[in-house]
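What follows is each chain in one-letter form.
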Amino acid sequence: AEGGKELIVIAQDTTRYGKDIYGEYKLPELLQKLCRIDGIEWVRVHYCYPELVTDELIEVIAKEDKLCNYLDIPIQHCSDRVLKRMGRRTNKAQIVGLIKKLRERIPDIVIRTTLLVGFPGETDEDFEDTISLCEEVRYDAMFTFIYSKRVGTPAASMPDPYTREQKQKHFDRLTEVSNRISGEKHKEYEGKTLRVLVDGETGRDEYNLSSRTNGGRLVHLKGEISLIGKFIDVKITASNTWALYGEIV
């Protein structure tokens, strides 16, 4: 009623919605109902753990026009050994299979993930598993972190022989891979016309407005302040690792 155009559905693990209320997972049904709300034009889902991204959920995303072709699937690591130590419920082969299935069913889907380096006991070989999967899968966006101890967690008492300096080297390499892939992905948008939702000001003169695509890509452009909160078409003219740049069509 106040003019909101986009609804973001978010939880620690959104795929588990409904389990505590109904005794079964209800995210696909919830999303279908949210798409029936008049005035809401985009529904975006964050934080879906890979083991519960079901065929039913994928079909709903593929068929519902209001659902953004975007998923945030935090996997944390790519080594089966480390995933098991973390208490995760998937392995590398399952992760690769899920990404392949998503891209086959929804070709323009944007997939974001979260990756952690330096988990206690992680070896160079474990880290290389992460790098190889990133090169194979080529996530559209990766949020990367260095492990930090949390009191009361099982990991806090695990042997952790690697130094902070060694972990930083792994982190720097993962960041380089992430930035390179992001830059290459963004380059592919140049020359294309995209529908965006203008969401704010940048504080700069040349590109004074910021906006987002259906896939969550940040797009800077120049235009009137009155465009904030509106959908417009933008032709992408340039890009870098972090953003796209365009002009109003």
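Residues numbered from 1 in each chain as written. Predicted model: local features only at pLDDT ≥ 70, side-chain atom pairs only at ≥ 80, totals over all residues. Heavy atoms only, no water.

**Things to note about the packing of aromatic side chains**
Rule in force here: Classification of ring pairs rests on two measures: the distance between centres of Phe, Tyr or Trp rings, Trp counted by its six-membered ring, which must be within 6.5 Å, and the angle between planes, read as stacked under 30 degrees, edge-to-face over 60 and tilted in between. We count a stretch as a helix when DSSP gives it H or I for four or more residues in a row; a strand needs E for two or more, and each element gets its number in order from the N terminus. The buried label goes to any residue with under 20% of its type's maximum accessible area, the exposed label to any with over 50%, and the partly exposed label to all in between, with areas taken from a 1.4 Å probe on protein chains only. The rule is short: NZ of Lys or CZ of Arg within 6 Å of the ring centre and within 35 degrees of the ring normal puts a charge over the ring.
For the structure shown, the criterion picks out three aromatic pairs. Seen from their ring centres, phenylalanine 119 and tyrosine 147 are 5.5 Å apart, and the 75° between their planes marks the pair as edge-to-face. Placement of the pair is phenylalanine 119 in the loop between strand 4 (110–117) and helix 6 (124–137) and tyrosine 147 in the loop between strand 5 (141–146) and helix 7 (164–187), with a sequence separation of 28 residues. As far as the burial class goes, phenylalanine 119 and tyrosine 147 line up, both buried. In this structure, lysine 19 packs its charged tip against the face of tyrosine 25, placed 5.1 Å from the ring centre. Across the ring face of tyrosine 22, the terminal group of lysine 26 is positioned such that the distance to the ring centre comes to 5.8 Å.

**A closer look at the packing of helix 6 against helix 7**
Note the following rule: Between N-to-C directions, angles span 0 to 180 degrees; the directions come from axes that are lines fitted to C-alpha atoms, helices contributing only their stretch in contact. In these notes the angle categories are as follows: under 35 degrees is roughly parallel, over 145 is roughly antiparallel, 65 to 115 is roughly perpendicular, and the rest is oblique. We call two residues contacting when some pair of their heavy atoms lies within 4.5 Å. Just so you know the grouping, Ala, Val, Leu, Ile, Met, Phe, Trp, Tyr, Cys and Pro go in nonpolar, Asp, Glu, Lys and Arg go in charged, and all remaining residues, Gly too, go in polar.
Close contact between helix 6 and helix 7 brings their axes to 10 Å; oriented N to C, the two are set at 5°. In terms of orientation, helix 6 and helix 7 fall into the roughly parallel class. Judged by residue contacts, Asp124, Phe127, Glu128, Thr130, Ile131, Cys134 and Glu135 of helix 6 engage His170, Arg173, Leu174, Val177, Arg180 and Ile181 from helix 7. Of the residues in the contact of helix 6 with helix 7, the class split is six nonpolar, two polar and five charged.

**Some thoughts on the packing of helix 2 (residues 27–34) against helix 3 (residues 55–63)**
The cut-off we apply is this: It is the rotation of the near helix from the far one that decides the hand of a crossing: anticlockwise by less than a right angle makes it left-handed, clockwise makes it right-handed.
Contact geometry of helix 2 with helix 3 gives a least axis separation of 9 Å together with a crossing angle of 15°. Between helix 2 and helix 3, the interaxial angle falls into the category roughly parallel. Here the hand of the crossing between helix 2 and helix 3 comes out left-handed. Across from Leu27, Pro28, Leu31 and Gln32 in helix 2, the residues of helix 3 making contact are Glu56, Leu57 and Val60. Of the residues assigned to the contact of helix 2 with helix 3, the class counts are five nonpolar, one polar and one charged.

**Notes on the sheet that holds strand 4**
What counts is decided by this rule: One bridge is not enough; two strands pair if DSSP finds at least two bridges between them.
Spatially, 1-2-3-4-5 is the arrangement adopted by the five strands of the open sheet, whose pairing is parallel. Edge strands, defined here as strands with exactly one partner in the open sheet, are strand 1 (6–9) and strand 5. With direction set aside, neighbouring strand axes in the sheet form an average angle of 15°. Where strand 3 (residues 67–72) meets strand 4, three bridges bridge the pair, whose relative direction is parallel. Within the sheet, the bridge partner assigned to aspartate 72 lies in strand 4 and is arginine 112. Running at roughly 160° to strand 2 (residues 42–45), helix 2 makes contact with strand 1, strand 2 and strand 3 of the sheet.

**Digging into the sheet that holds strand 8 (residues 218–221)**
Taken together, five strands build a closed barrel; the order of strands is 6-7-8-10-9 and the barrel is mixed. Direction aside, the axes of adjacent strands within the sheet are offset by 50° on average.

**Looking at the side chain of serine 210**
Short version of the rule: Polar contact is the term for a pair of N or O atoms within 3.5 Å; when the atoms are in protein, one must be able to donate a hydrogen and the other to accept it, and sequence-neighboring residues count only if both atoms are side-chain atoms.
Looking at the element boundaries, serine 210 is found in strand 7 (residues 209–213). Accessibility expressed as a relative area gives 12% for serine 210, which makes it buried. Among the polar contacts listed, one links the side chain of serine 210 to the side chain of aspartate 199, at a separation of 2.8 Å. In this structure, serine 210 is in contact with Leu197, Val198, Asp199, Gly200, Glu201, Thr202, Leu218, Val219 and His220, ignoring residues within four places of it in sequence.

Nothing here speaks to function; it is geometry throughout.
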